[in-house]
Amino acid sequence: MNRKIQSALISVFYKDGLEPVVRKLHELGVTIYSTGGTQSFIEQLGLPCIAVESVTGYPSILGGRVKTLHPGVFGGILARRDLPEDQAQAQQYNIPMMDLVIVDLYPFEETVKQTTDDKVIIEKIDIGGVSLIRAAGKNHKDVCIVSSRNQYEHLLQLLEKDNGNTTLDERRALAAAAFAECAHYDVAISDYFNSTGASAHFQLSHANKQSLRYGENPHQQAAFYGDLDSLFEKLNGKELSYNNLVDVDAACQIVSEFSNPVFAIIKHTNVCGIAERNTVAEAWVAALAGDPESAFGGVLVTNQTINAEVAAKINELFFEILIAPAYDADALAILKGKKNRILLQQKKAFYPVKEYKRILNGVLVQDADTTNFTEWTEAGARNCSANEKADLLFANIVCKHLKSNAITIVKDRQLIGKGCGQTSRIDALRHALDKAKQSGFSTTGAVLASDAFFPFDDCVRMAHEAGITAAIQPGGSVRDADSIAYTKANDMAMVMTQLRHFKH
């Protein structure tokens with residue numbers, strides 16, 4: 001069912017991009033109603049518009065809190081054009097029909113980001129705008145609703161296509177977008193008032209949909225919702241894929257844990273190489289040495305500026321993505337040699353506050369794992385040496401970022417072996433030792449970290465036999481005494497943190 005736009009109500013916070021729309025409406029002979037700053041904007045263009053106050057009989061009151069909340073306005077939006085009773089009442093009360101509503105919402109989210117002043121934030125909760133959008137969306141059979149400046153270009157196309165006539169499908173699509181806009185807005189307000197998690201409802205809304213080529217596999221459709229531009233500047237390469245984004249998230253989380261120069265290599269969200277050194281070039285060489293085979297096609301991340309020296313070394317390896325806080329110009333010249341290679345400049349550190357997972361017919365929500373240990377109890381034969389303690393701290397952080405069951409073997413702040421995603425802890429240790437041997441490392445003098453307690457003393461036995469001198473684990477097993485007794489009998493240091501780091 002086609003409807004011709006003969007009248008429009010325009011009241012927007014953002015005026016950029018509005019002028020071509022207003023001029024086109026005027027060209028089509030559309031009667032324009034407006035209020036406040038939008039009215040002044042239209043009049044400054046030299047175009048006629050009717051003040052909403054002339055319809056309502058009331059000026060804007062309460063400091064602008066009430067402008068359009070009136071039957072004279074809402075009647076013209078909600079009146080059903082094909083229902084004689086509605087039209088009769090509109091005529092009785094001299095209510096003009098509104099065929100097009102262009103309304104956006106106060107910038108609530110932007111205000112929350114800019115200030116903590118509750119009074120200022122509260123004033124940016126839009127009342128009239130949401131009501132107008134919902135009214136026009138409800139009556140989309142007769143009314144067009146444009147709820148965002150991002151739709152102005154689309155609206156212009158509709159106006160030019162058929163001289164202001166719109167189809168029901170077009171109006172319904174605009175209504176769907178409008179209700180989504182309101183829902184996102186309401187979630188942002190609810191989040192502000194329920195920052196402590198007191199709400200009984202799970203609500204999450206992200207704008208800026210980015211369609212992806214596919215999901216984890218080519219037969220799965222996928223999209224990303226969020227603002228990547230606030231975190232990264234893409235300096236080179238193709239668009240990020242679903243799997244790229246998952247690995248980039250893992251990379252950003254682990255690198256945020258370190259302040260000294262560190263380089264990490266990520267594959268399928270797990271760390272396959274990571275090292276801390278005095279320079280970024282040294283950190284790269286050590287990280288790659290940790291598992292050069294797995295590094296092929298990985299995601300690389302560092303907390304240091306990429307210079308020409310390290311760029312030349314990295315350039316020898318095929319990799320998908322490199323993430324760094326800065327790049328020297330000569331380094332970029334080297335790395336941009338491959339057009340599909342993705343280079344991301346990270347603008348700020350990232351670590352999540354909450355984590356979400358779809359489970360069965362619901363959602364699991366938990367705090368992010370932001371703590372590394374709560375206690376440091378020396379439970380072995382002796383206290384750790386200074387070097388062992390530094391390695392144990394490093395190993396514990398890396399282990400936290402591996403899929404459970406997880407074991408890391410570290411020597412001189414370099415990951416030399418790891419086992420992750422195993423169904424038993426002893427298998428994770430076997431795998432870690434095998435990886436160290438495969439990469440040519442001696443585990444003599446190395447340390448070990450476990451994401452959860454040792455259920456038996458088999459792990460400390462195997463570690464000791466491999467020359468490992470110290471271990472860090474949460475403790476809490478009913479058989480902790482067995483592991484403690486073994487370490488004490490074999491001059492091993494063992495730290496218990498009372499903090500588990502399962503990751504599934």
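Conventions we followed
Residues numbered from 1 in each chain as written. Predicted model: local features only at pLDDT ≥ 70, side-chain atom pairs only at ≥ 80, totals over all residues. Heavy atoms only, no water. Helix = DSSP H or I, 4+ residues; strand = E, 2+ residues; numbered from the N terminus. Rg over C-alpha atoms; globule rule 2.2 N^0.38 Å. Buried < 20%, exposed > 50% of the residue type's maximum accessible area, 1.4 Å probe, protein only. Contact = heavy atoms within 4.5 Å. Areas by Shrake-Rupley, 256 points an atom, 1.4 Å probe, with all protein chains shown as cover. Pairing = 2+ DSSP bridges. Axes fitted to C-alpha atoms, helices over the stretch in contact; angles between N-to-C directions. Phe/Tyr/Trp six-rings, centres within 6.5 Å; stacked < 30°, edge-to-face > 60°. Lys NZ or Arg CZ within 6 Å of the ring centre and 35° of its normal. Right-handed = clockwise from strand over helix to strand, strands pointing away. Core = buried A, V, L, I, M, F, W, Y, C linked by side-chain atoms within 4.5 Å. Arc of directions from axis to C-beta. Lys, Arg positive; Asp, Glu negative; His and termini not counted. Salt bridge = Lys/Arg side-chain N within 4 Å of Asp/Glu carboxyl O. Polar contact = N/O pair within 3.5 Å; in protein donor to acceptor, adjacent residues only side chain to side chain.

**Here we look at the overall build of the chain**
Okay, so step 1: Along the chain, the regular secondary structure elements total 18 helices and 23 strands.
Okay, so step 2: Relative to the compact-globule value of 23 Å for 504 residues, the chain shows a C-alpha radius of gyration of 31 Å, a clear excess of over 25%.
Okay, so step 3: For the chain, the spread of C-alpha atoms along the principal axes amounts to about 95 × 50 × 45 Å.
Okay, so step 4: Looking at the chain residue by residue over its 504 residues, the buried ones come to 47%.
Okay, so step 5: At a minimum sequence separation of 6, the contacts of the chain that also span at least 24 residues come to 58%.
Okay, so step 6: When the accessible surface of the chain is totalled, it reaches about 24,500 Å², and 50% of it is carbon and sulfur.

**Concerning the sheet that holds strand β21 (residues 447–450)**
Okay, so step 1: An order of β18-β23-β22-β21-β19-β20 is seen for the six strands of this open sheet, with the pairing classed as mixed. Two strands close off the open sheet at either side, each with one partner strand: β18 (377–378) and β20 (415–419).
Okay, so step 2: Relative to β20, strand β19 (residues 407–410) runs antiparallel, the two being bridged by four bridges. Across the sheet, residue Thr 408 finds its bridge partner in β20, namely Lys 418.
Okay, so step 3: Contacting β22 (470–473) and β23 (493–496), helix α18 (residues 480–489) runs over the sheet at an angle of about 150° to β23.

**What to know about the packing of aromatic side chains**
Okay, so step 1: Taken as a whole, this structure holds nine aromatic pairs when the rule is applied.
Okay, so step 2: Connected via pairs of aromatic rings, a cluster forms that spans Phe 108, Tyr 185, Tyr 192 and Phe 193.
Okay, so step 3: Taking the ring centre of Tyr 14 as reference, the NZ or CZ of Arg 149 above it sits at 3.7 Å.
Okay, so step 4: In this structure, Lys 389 packs its charged tip against the face of Trp 376, placed 5.2 Å from the ring centre.

**Notes on the sheet that holds strand β13 (residues 299–302)**
Okay, so step 1: Strand order in this open sheet of six strands is β10-β15-β14-β13-β11-β12, and the pairing throughout is mixed. In the strand order of this sheet, the two ends are held by β10 (232–236) and β12 (270–276), each with one partner. Each strand axis lies, on average, 20° off the axis of its neighbour in the sheet, ignoring direction.
Okay, so step 2: Looking at chain direction, strand β11 (residues 262–267) and β12 are connected through six bridges and run antiparallel. What sits directly across from Ala 264, in β12, is Ile 274.
Okay, so step 3: Sheet strands touched by helix α12 (residues 280–290): β11, β12 and β13. Its angle to β11, the strand with the most contacts, is close to 35°.

**Looking at the pairing of β23**
Okay, so step 1: Here β23 shows a buried face lined by Ala 493 and Val 495 and a second buried face lined by Met 494 and Met 496.
Okay, so step 2: Bridge count for β18 against β23 is two bridges, and the pairing is antiparallel. Each bridged residue has a counterpart across the sheet, and for Glu 378 the counterpart in β23 is Val 495.
Okay, so step 3: Note that β22 and β23 share four bridges and pair parallel. The residue bridging Ala 470 from the neighbouring strand is Ala 493, located in β23.
Okay, so step 4: Between β22 and its parallel partner β23, the chain crosses via α18, and the hand of that crossover is right-handed.

**Describing the nonpolar core**
Okay, so step 1: Ile 10, Leu 25, Ile 77, Leu 100 and Ile 102 are the most contacted members of the largest nonpolar core, which has 50 residues in total.
Okay, so step 2: The dominant element in this core, judged by the number of residues it contributes, is helix α10 (residues 168–193), at seven residues.
Okay, so step 3: Discounting residues that sit within four places of it in the chain, Ile 10 has contacts with Leu 18, Val 22, Leu 25, Ile 32, Tyr 33, Ser 34, Thr 35, Thr 38, Ile 42 and Ile 102.
Okay, so step 4: Counting residues in each nonpolar core, the second largest holds 43 residues, with Ala 222, Ile 254, Ile 274 and Leu 402 among its members.

**Description of helix α1 (residues 19–27)**
Okay, so step 1: Within α1, burial applies to Val 21, Val 22, Lys 24 and Leu 25. Seen from one end, α1 has its buried residues packed into an arc of 165°, which puts them on one side.
Okay, so step 2: Directly after α1, the chain includes Gly 29, whose backbone phi takes a positive value near 80°.

**Concerning the side chain of Arg 171**
Okay, so step 1: Topologically, Arg 171 is positioned in helix α10.
Okay, so step 2: Buried charge without a partner: Arg 171 forms no salt bridge, and the closest opposite charge is Asp 142, 5.8 Å away.
Okay, so step 3: One polar contact links the side chain of Arg 171 to the main-chain carbonyl oxygen of Thr 166, over a distance of 2.7 Å.

**Points about the pattern of salt bridges**
Okay, so step 1: This structure, assessed with the given rule, holds 21 salt bridges.
Okay, so step 2: Between Glu 320 and Lys 238 there is a salt bridge whose closest N-O contact spans 3.9 Å. One end of the pair, Glu 320, is in the loop between α13 (308–314) and β14 (321–324); the other, Lys 238, is in the loop between β10 and α11 (242–255), and 82 residues separate them in sequence.
Okay, so step 3: Residue Lys 238 is classed as partly exposed on the basis of its relative accessible area, which comes to 31%.
Okay, so step 4: Ionic pairing is found between Lys 418 and Asp 291, a salt bridge with its closest N-O pair at 3.3 Å. Placement of the pair is Lys 418 in strand β20 and Asp 291 in the loop between α12 and β13, with a sequence separation of 127 residues.
Okay, so step 5: Of the residues examined, Asp 291 reaches a relative accessible area of 2% and is grouped as buried.
Okay, so step 6: Each member of the salt-bridge network shares a partner with another, and the members are Asp 291, Lys 418 and Lys 435.

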